[in-house]
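A look at the structure
Read off the chains here:
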Amino acid sequence: MLGQIAYAFPFLLPGLWTTLEVSAITVAISTIVGALLGVGLVYGPAPLRWVVRAFSDIVRGIPILVLLFFVYYGLPITGLNLQPFAAAVLGLIVFKVAQVIENVRGAIGSIPRGQTDAAKAIGLPFPERLAYVIAPQALRRFLPPWLNGVTDAVKGSALISLLGVGDLMFGIQKVVGRTYEPLALYGFGAFLYFVINYALSLASRALERRFSYIRE
Amino acid sequence: MPIGPPLLQIQNVQKSYGATQVLRGVDLRVAKGEVVTVIGPSGGGKTTLLRCVNFLESYDNGSIMIDGQEVGYRDVAARKRRSERDLARMRAETGMVFQLFNLFPHLSAAENIMLGLTKVRKLSRREARDKALHWLGRVGLTDKADRLPSELSGGQQQRVGIARAVAMEPKILLLDEITSALDPELVGEVLDVVLSLAAEGMTMLVVTHEIGFARDASHRIVFMAGGAVGADAPPREIFAADQPNERLRGFLGRFTAAHRL
Ligand SMILES: Nc1ncnc2c1ncn2[C@@H]1O[C@H](COP(=O)(O)OP(=O)(O)O)[C@@H](O)[C@H]1O
Ligand SMILES: [Mg+2]
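Residues numbered from 1 in each chain as written. Chains lettered and ligands numbered in written order. Predicted model: local features only at pLDDT ≥ 70, side-chain atom pairs only at ≥ 80, totals over all residues. Heavy atoms only, no water.

1. So, the site of ligand 1
All names here are of chain B. Applicable threshold: Consider each residue's heavy atoms; a residue with any of them within 4 Å of a molecule or strand counts as near. Identification of polar contacts relies on pairs of N or O atoms within 3.5 Å, with a donor-acceptor requirement for protein atoms, meaning one able to donate a hydrogen and the other able to accept it, and with residues adjacent in sequence counted only if both atoms are side-chain atoms. Each accessible area value is a Shrake-Rupley result obtained with a 1.4 Å probe; residue values ignore everything except the protein chains displayed when judging cover. A run of H or I in DSSP becomes a helix once it reaches four residues, and a run of E becomes a strand once it reaches two; helices and strands are each numbered from the N terminus. In this count, Pro and Cys sit with the nonpolar residues alongside Ala, Val, Leu, Ile, Met, Phe, Trp and Tyr, while Asp, Glu, Lys and Arg are called charged and the others, Gly among them, polar.
The immediate surroundings of ligand 1 are formed by Tyr17, Val22, Pro41, Ser42, Gly43, Gly44, Gly45, Lys46, Thr47 and Thr48. Threonine 47 is positioned such that a nitrogen or oxygen atom in its side chain is 2.7 Å from an oxygen atom of ligand 1. Computed on the free molecule, ligand 1 has an accessible area of 570 Å², of which 56% lies beneath the protein chains in the complex. No other element matches the three residues that helix 1 (residues 46-53) contributes to the shell around ligand 1. Of the residues in the shell around ligand 1, the class split is three nonpolar, six polar and one charged.

Structure below.
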């Protein structure tokens with residue numbers, strides 16, 4: 001069994017790299033977009049809040065696979081024809097943005113009202129209140145769940161093999177197709193996903209511990 | 001007692017939360033250098049009134065002027081609110097100290113004071129730090145400058161809260177039951193700071209349950225109940241045996257009985 005894994009590993013490396021790449025792009029873009037929309041959800045004018053709230057609720061109610069197929073097979077009807085890689089990344093980003101929006105909302109919501117009152121009382125306008133009072137505190141509550149949520153992007157990315165993107169999952173299936181050793185290879189694939197996500201979970205827990213003693 | 005045009009002039013202020021009217025036409029004036037305390041039963045609208053004075057709450061009717069400028073509205077008749085920047089500029093002229101301190105937990109004592117000085121008053125970090133240390137000295141906390149709020153006692157935190165407010169050199173200081181959340185043995189150290197500020201002529205509007213403090217420190221006491229001002233007089237008259245306001249007499253009677261004043 002070890003022999004089969006040693007044989008397969010070099011074939012899996014490009015796919016592993018693609019999985020990491022797709023996850024990283026997804027997380028980077030969705031974090032920026034999700035943070036902006038999350039702030040809009042908390043502080044924005046009512047129409048913006050409704051739109052963001054609706055987007056987040058709808059997306060979180062749809063399986064990732066449906067999102068991916070919608071982007072890859074659905075959007076071309078509107079004239080937007082995306083390559084598998086781009087469609088895969090876009091679908092995962094949409095999924096992940098909704099998650100980040102909720103991470104941001106939760107983080108800001110956990111900060112007591114009195115913090116905003118005190119910041120207003122010393123004469124800080126909104127952007128400064130956000131930058132110097134709310135954001136530094138919210139960041140501590142945002143990071144652990146956010147990092148934990150990165151695992152969802154990594155796990156979700158396995159579905160992009162269904163669009164023909166050559167990720168880790170795709171590589172595993174190709175090797176299984178040649179060697180007919182599904183148990184060893186899917187087991188090894190699961191192990192690789194687990195290692196990545198377990199490292200992320202550990203980092204998330206470490207962050208949580210690090211921030212937990214900074215209390216009011 | 002100081003005289004002069006009112007620094008703070010509250011006229012017929014009304015405010016409702018939904019269907020409940022919390023302020024029913026409040027009138028109140030505070031002259032420059034004056035210390036006015038507001039007492040009254042809980043739920044009477046004291047906190048709401050104070051929060052209206054620096055527009056942490058909007059008011060539905062009436063007018064609040066500080067130094068001749070309407071606080072929250074650029075057009076009172078049309079109820080047009082000031083812009084965010086404009087509101088911030090107005091709020092910088094009013095200091096507020098809160099019942100639950102509301103210190104910024106991620107900043108040290110000195111940094112709590114420096115934030116407004118650097119971002120609003122535009123002092124350099126160095127000037128701001130000097131000023132913060134000066135005020136920490138005034139409240140007896142020089143050695144705690146670099147401590148986080150979580151490392152300070154309640155009384156110490158509240159003294160930082162006062163220093164943060166006065167370092168901005170506001171025209172008026174608003175104090176909302178600033179000793180209510182403290183253990184009894186820590187109340188004195190905070191009230192001493194307030195007394196020393198009063199002695200220097202700081203204009204203050206103070207909501208308090210410390211009736212003894214109100215009696216000894218204020219030029220005028222305002223009794224607020226049911227969202228309206230029931231009495232507004234110097235302490236001597238408020239505590240007079242023939243005080244005509246029955247509700248106030250009852251309130252003081254219960255209070256003195258409970259606190260053995
Ligand atoms: N944000 C709010 N929403 C609804 N009702 C409120 C709010 N804040 C205060 N109230 C109500 O307004 C009344 C006055 O409250 P408050 O100003 O806190 O009184 P006090 O400070 O004299 O105890 C109370 O009945 C309180 O329940
Ligand atoms: Mg109150």
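2. Some points on the interface of chain B and chain A
Stated precisely, the cut-off is as follows: Residue contacts follow a heavy-atom distance rule, with two residues in contact if any of their heavy atoms lie within 4.5 Å. Accessible-area loss on putting two parts together, using a 1.4 Å probe and summing over both, is the definition of buried area adopted here. The salt bridge definition used is simple: a Lys or Arg side-chain nitrogen within 4 Å of an Asp or Glu carboxyl oxygen.
In this assembly, 24 residues from chain B lie in contact with 24 residues from chain A. Summed over both partners, the interface of chain B with chain A comes to about 2100 Å²; 63% of that surface belongs to carbon and sulfur atoms. Considering only the side of chain B, the residues that lose the most area to chain A are Phe104, Pro105 and His106 of chain B, jointly responsible for 25% of the buried surface there. Linking chain B with chain A are three salt bridges, by the criterion used here. Note that glutamate 128 of chain A is salt-bridged to arginine 85 of chain B, the shortest N-O span being 3.4 Å. Where chain B meets chain A, there are seven residue pairs in polar contact (both at pLDDT 80 or more). Elements supplying a minimum of two residues to the side of chain B that touches chain A: helix 2 (84-91), strand 8 (94-97) and helix 3 (109-119) of chain B. With four residues, helix 2 of chain B is the single largest residue contributor to the side of chain B that touches chain A. Split by residue class, the side of chain B that touches chain A holds 11 nonpolar, six polar and seven charged.

3. Thoughts on the sheet that holds strand 1 (residues 6-17) of chain B
Residue and element names in this part refer to chain B. Put simply, the rule reads: At least two DSSP bridges between two strands are required for those strands to pair.
Taken in spatial order, the four strands line up as 2-1-4-5 in an open sheet, and their pairing is antiparallel. Sheet topology places strand 2 (20-31) and strand 5 (69-70) at the edges, where each strand pairs with a single neighbour. Relative to strand 5, strand 4 (residues 61-66) runs antiparallel, the two sharing two bridges. Each bridged residue has a counterpart across the sheet, and for methionine 65 the counterpart in strand 5 is glutamate 70.

4. Digging into a nonpolar patch on the surface
Rules: Like-charged residues are merged into a patch within 9 Å and nonpolar side chains (Val, Leu, Ile, Met, Phe, Trp, Tyr) within 5 Å, provided each residue has over 30% relative accessible area and no salt bridge.
The grouping of Ile25, Ile29, Ile32, Val33, Leu36 and Phe85 of chain A at the surface amounts to a nonpolar patch, some 510 Å² of accessible area in total. Considering every element that reaches the nonpolar patch, the biggest residue donor is helix 1 (residues 2-43) of chain A, with five residues.

5. Comments concerning the nonpolar core
The line we're drawing: Among buried residues, those of type Ala, Val, Leu, Ile, Met, Phe, Trp, Tyr and Cys that are joined through side-chain atoms within 4.5 Å constitute a nonpolar core. The classification of residues rests on relative accessible area computed with a 1.4 Å probe and restricted to protein chains. Under 20% of the type maximum is buried, over 50% is exposed, and intermediate values are partly exposed.
Of all hydrophobic cores here, the largest spans 114 residues; its most connected members are Leu8, Ile10, Leu136, Leu197, Met204 and Leu205 of chain B. Excluding anything up to four places from it in sequence, methionine 204 of chain B contacts Val30, Glu34, Val35, Val36, Ile172, Leu173, Leu175, Val194, Leu197 and Ala198 of chain B. With 21 residues, the next largest nonpolar core counts Leu68, Val71, Phe95 and Leu163 of chain A among its residues.

6. What about the pairing of strand 2 of chain B?
Residue and element names in this part refer to chain B. Inspection of the sheet shows strand 1 paired to strand 2 by nine bridges, in the antiparallel sense. Counterpart to leucine 8 in the pairing with strand 2 is valine 30. Between the antiparallel neighbours strand 1 and strand 2 lie two residues, among them glycine 18 with a positive phi of about 60 degrees.

7. Section: the UniProt feature "domain: ABC transporter" (unreviewed entry) in chain B
Counted only if it meets this: UniProt positions are given in the numbering used here, feature names are shortened, and annotations may be inferred rather than shown by experiment.
UniProt annotation of "domain: ABC transporter" (unreviewed entry) refers to residues 8-251 of chain B when read in the numbering used here. Annotated as 36% helix and 27% strand, the span residues 8-251 of chain B places its first and last C-alpha atoms 26 Å apart.

8. Observations concerning the pattern of salt bridges
Evaluation of the coordinates by the stated rule reveals 22 salt bridges over all chains. Aspartate 152 of chain A serves as the salt-bridge partner of lysine 155 of chain A, at 3.8 Å between the closest nitrogen and oxygen. Separated by three residues within a single helix, lysine 155 of chain A and aspartate 152 of chain A lie in helix 6 (residues 126-156), roughly one turn from each other. Residue class for aspartate 152 of chain A comes out partly exposed when judged on its relative accessible area of 26%. Between lysine 131 of chain B and glutamate 169 of chain B there is a salt bridge, with its nearest N and O atoms 2.6 Å apart. On the criterion of sequence distance, the pair formed by lysine 131 of chain B in helix 4 (residues 125-138) and glutamate 169 of chain B in the loop between helix 5 (154-166) and strand 9 (172-176) is long-range, its members being 38 residues apart. Each of Arg53, Asp57, Arg60, Glu102 and Arg105 of chain A takes part in salt bridges that share partners, so that together they form one network.

9. Description of the side chain of glutamine 243 of chain B
By the secondary structure assignment, glutamine 243 of chain B is in the loop between helix 8 (235-238) and helix 9 (246-259). Once residues lying within four places of it in the same chain are set aside, the contact partners of glutamine 243 of chain B are Glu237, Ile238, Leu248 and Arg249 of chain B.

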